[in-house]
Amino acid sequence: MNHFDLAIIGAGPAGTTTALALHDSGLSVALIDKDDFPRDKICGDALSPDVVNQLGTLALDTDKAFSSFKEKIWCNAVRFVSPNYQFADLKLNSKNLTGYVSPRVDFDDFMFKQAIKSNAVVPFTGSKVLSLNRSDIGVEVILESQIVITAKIVLGADGAHSAVARAFSDETVDKNHHCAGLRQYFENVSGFSEDNAVELHFYDELLPGYFWIFPLPGNRANIGLGMLSSYVAKRKPNLKKLLKDIIENHPNVKDRFKDAKALEDITGFGLPLGSKKRAISGDRYLLLGDAASLINPLSGEGIGNAIRSGRVAADHIRNAAKKNRFDADFNLVYDKEIYRRMWGELRLNYWIQIAMRNKRLCNVIVKYAIGNKFIQRLVLSGFSANQFKPKFLRN
Ligand SMILES: Cc1cc2nc3c(=O)[nH]c(=O)nc-3n(C[C@H](O)[C@H](O)[C@H](O)COP(=O)(O)OP(=O)(O)OC[C@H]3O[C@@H](n4cnc5c(N)ncnc54)[C@H](O)[C@@H]3O)c2cc1C
């Protein structure tokens, strides 16, 4: 029998951050993932300055290790393209803090290796969690490999299809606060800006959603689109065909793909958006990152909040262990702290997302963003490092 103080299920950004933040806590940690690393994760691969800034708060010199981590390309702007093809390039920020784009197969492997540097963290990878049983003394986690792990509390950092949320929470997918996403890697896409901007194209046929073109290291690019799931359910568009059509025929982008080559088939995955408050803890469990639905509803960026939730969860677990309290009442403090830090920004970005569902408003927002620093800072709040956000949005 493997007994631990804490079992973290999911070794993506949320789970590895928690493990890193607890490396010196004296607690024993099982870090469980269904896949062996390196493994792919369908994503746009953009790491905002918010992510880079938070890496600087993590143990074991994570920021220094990230500086020498090669599989990334810098990016210093976000380009918003409106339905009438006007665009605003919003500079991410200055002071040596930039964003990056890094394939998740590499970035998540980097985070995983950092997390398991500590002797306190024991990895169990390559076998998924099949079932979870709660009792008054702890939680039993049963893996497909038949390994049984017990812990005082489990952290559900297991993404959009969280086994922990399924087992313990009553919350269900709400299509008004959920997005369908597609990704396809290409090589040799042309026309990136000098700032290596990540580009969000808000075309009429995609609202409320967007098509993206993000640069990647090695002359590759991450291409994809996302659309609100309630609209997908209502209009039933063929999203794969829509993506292919844009790449091949859209007057604003097709020339950039004329010498490009697809490196994979189109793949899809869901984005649980943080535009609605949910219960994210209970007796002997917390939910983090995508399992807690914390993705920015405007940009689709979720890595920053996954990392932030990992840091908040680690602080909470230290207190819980000190007091020997793992019950739902005590864990409510975690929910409050998550929403105290994130709700202002999530809510604001939700309002902008609603406004941008309307083609005319979308044109107006992009037009005014071109020259207005305040609008730029609001629109970029989901991407920016804390010190560059308007004060009321800092988290
Ligand atoms: C198409 C798309 C584009 C996106 N683009 C961006 C972007 O450019 N920038 C950005 O910041 N965010 C983006 N996101 C969001 C981002 O991918 C997520 O917010 C982020 O990965 C959340 O991290 P996490 O650690 O919570 O979960 P995940 O990264 O999903 O990690 C969860 C882990 O849990 C494991 N797991 C799942 N189930 C089990 C189980 N039963 N047993 C054991 N292990 C399990 C998985 O293998 C995985 O390793 C995008 C998402 C999508 C779908």
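Residues numbered from 1 in each chain as written. Predicted model: local features only at pLDDT ≥ 70, side-chain atom pairs only at ≥ 80, totals over all residues.

J.: So what about the overall build of the protein chain? Which residues, and what values?
T.: Along its length, the protein chain carries 11 helices and 19 strands. Expected size for 395 residues packed as a compact globule is a radius of gyration near 21 Å; at 21 Å, the protein chain falls within 12% of this value. Overall, the protein chain is about 60 × 45 × 40 Å in size when its C-alpha atoms are taken along their principal axes. Relative to its full complement of 395 residues, the protein chain shows a buried share of 51%. (Helix = DSSP H or I, 4+ residues; strand = E, 2+ residues; numbered from the N terminus. Rg over C-alpha atoms; globule rule 2.2 N^0.38 Å. Buried ≥ 20, exposed ≤ 12 C-beta atoms within 10 Å, placed from the backbone.)

J.: Can you explain the site of the ligand? Please cite residues and give values.
T.: Surrounding the ligand, one finds 39 residues, the nearest of these being G12, G44, G181, G289 and G302. Looking at the shell around the ligand, the elements with two or more residues in it are α1 (13-21), β2 (29-33), β12 (178-187), β17 (267-272) and α8 (303-323). Along the lines of polarity and charge, the residues of the shell around the ligand split into 17 nonpolar, 12 polar and 10 charged. (Near = placed C-beta within 6 Å. Nonpolar A, V, L, I, M, F, W, Y, C, P; charged D, E, K, R; others polar.)

J.: Mind laying out the sheet that holds strand β4 (residues 73-75), listing which residues take part and the relevant values?
T.: Read across the sheet, 3 strands follow the order β3-β7-β4 without closing on themselves; strand pairing throughout is antiparallel. In the strand order of this sheet, the two ends are held by β3 (46-47) and β4, each with one partner. Direction of pairing for β3 relative to strand β7 (residues 99-101): antiparallel, over a ladder of 2 bridges. Note on β7: the bridge partner recorded for L47 is Y100. (Pairing = 2+ DSSP bridges.)

J.: I'd love a proper account of the environment of A115, names of residues and values included.
T.: With respect to the element layout, A115 can be found in helix α4 (residues 104-115). Through-space distance from the C-alpha of A115 to that of L31 is 8.9 Å; in sequence the pair is 84 residues apart. Ignoring anything within four residues of it in the chain, the contact list for A115 reads A11, T16, A19, L20, L31 and V121. (Contact = placed C-beta atoms within 7 Å.)

J.: Explain unusual backbone geometry residue by residue, including any values.
T.: At the junction of F37 and P38, the peptide bond is cis and its omega measures out at 0° in the coordinates. P208 follows L207 through a cis peptide bond whose omega is 0°. For Y85, which is not a glycine, the phi torsion comes out positive at approximately 70°. Along the chain, Y85 falls in the loop between β5 (77-81) and β6 (87-91).

J.: How would you explain helix α7 (residues 239-249) if you had to name every residue and give the values?
T.: The complete set of buried residues in α7 reads L239, L243, I246 and I247. Along the axis of α7, the buried residues cluster in a sector spanning 95°; they form a single face. α7 presents K241, E248 and N249 as exposed residues on the side facing more than 90 degrees away from its buried surface. Considering only its buried residues, α7 is in contact with β12, β14 (209-216), β15 (220-228) and α6 (229-235). (Arc of directions from axis to C-beta.)

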